[in-house]
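Remarks on the overall topology
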Amino acid sequence: MPTAARLVAALLLAGLAWYVSELAEDLMSEDPPVRRFSEINALLGALCGWYVLGSRSPDRYASAIAHGLTGVVATVFWVMFVHAGYKMIEFSLRKRYDDPIEAVTAVFEIAAKDAQVVGTFEVLATLIVGGLLSGYVATWVGRRYS
């Protein structure tokens, strides 16, 4: 069911994902990300905002922080999973893996390596503060317009 809170949550997490992606692109100079990196991440952020954060937004203000951080963690999980899966497919087309199990295992290795590269204080602080603010604003909109 479309609500104002879901729309606001989707827009907030999409904007946060786009901004953090722009920060992370500068850090990933050794292994550059895919084309349209920021746009793909903004789409994933919007989906997590709609389904994860927006569905919980009319709750109490005390829960807003937890819901905002949950939305950010879900967004980071899906972003890491999608991009690591894409890189794994690229590597498997270059015949870098001997069997499918090695390729599936490589998804987690690629994600862990990317997390180490972009896991700076600036990126983590932006995600935490953005998650807190997103949760609070989405809860405010959910309580006000629902």
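Structural notes, computed from the coordinates. (Residues numbered from 1 in each chain as written. Predicted model: local features only at pLDDT ≥ 70, side-chain atom pairs only at ≥ 80, totals over all residues. Heavy atoms only, no water.)

1. Some remarks on the nonpolar core
- Membership of the largest hydrophobic core is limited to 10 residues, which are Ala9, Leu13, Leu16, Val20, Leu23, Leu53, Val72, Val123, Leu127 and Ala138.
- Sorting elements by how many residues they give to this core places helix H1 (residues 4–27) first, with five residues.
- Ignoring any residue separated from it by four or fewer positions in sequence, one finds Leu16 in contact with Val72, Thr126, Leu127, Gly130 and Gly131.
- Among the nonpolar cores identified, the runner-up in size contains nine residues, and Ala84, Met88, Ala106 and Ile110 belong to it. (Core = buried A, V, L, I, M, F, W, Y, C linked by side-chain atoms within 4.5 Å. Buried < 20%, exposed > 50% of the residue type's maximum accessible area, 1.4 Å probe, protein only. Helix = DSSP H or I, 4+ residues; strand = E, 2+ residues; numbered from the N terminus. Contact = heavy atoms within 4.5 Å.)

2. A few points about the packing of aromatic side chains
- Evaluated as defined, the whole model comprises five aromatic pairs.
- Between the aromatic rings of Phe77 and Phe81, the centroid separation amounts to 6.1 Å while the plane-to-plane angle is 10°, which identifies the pairing as stacked. Of this pair, Phe77 and Phe81 both sit in helix H3 (residues 64–93), four residues apart, roughly one helical turn.
- Seen from their ring centres, Trp140 and Tyr145 are 6.4 Å apart, and the 90° between their planes marks the pair as edge-to-face.
- Given a relative accessible area of 53%, Tyr145 falls into the exposed group.
- The structure contains a cluster of three or more aromatic residues connected by ring pairs, namely Phe77, Trp78 and Phe81.
- Here the guanidinium or amino end of Arg96 rests over the ring plane of Phe91, the centre of that ring lying 4.0 Å away. (Phe/Tyr/Trp six-rings, centres within 6.5 Å; stacked < 30°, edge-to-face > 60°. Lys NZ or Arg CZ within 6 Å of the ring centre and 35° of its normal.)

3. Brief notes about a nonpolar patch on the surface
- Taken together, the side chains of Ile40, Phe77, Trp78, Phe81 and Val82 make up a nonpolar region of the molecular surface, amounting to roughly 450 Å² of accessible area.
- Position of Ile40 relative to the elements: it lies in helix H2 (residues 37–53).
- Judged by relative accessible area, which is 33%, Ile40 ranks as partly exposed. (Patch = residues over 30% accessible without salt bridge, like charges linked within 9 Å, V, L, I, M, F, W, Y side chains within 5 Å. Areas by Shrake-Rupley, 256 points an atom, 1.4 Å probe, with all protein chains shown as cover. Salt bridge = Lys/Arg side-chain N within 4 Å of Asp/Glu carboxyl O.)

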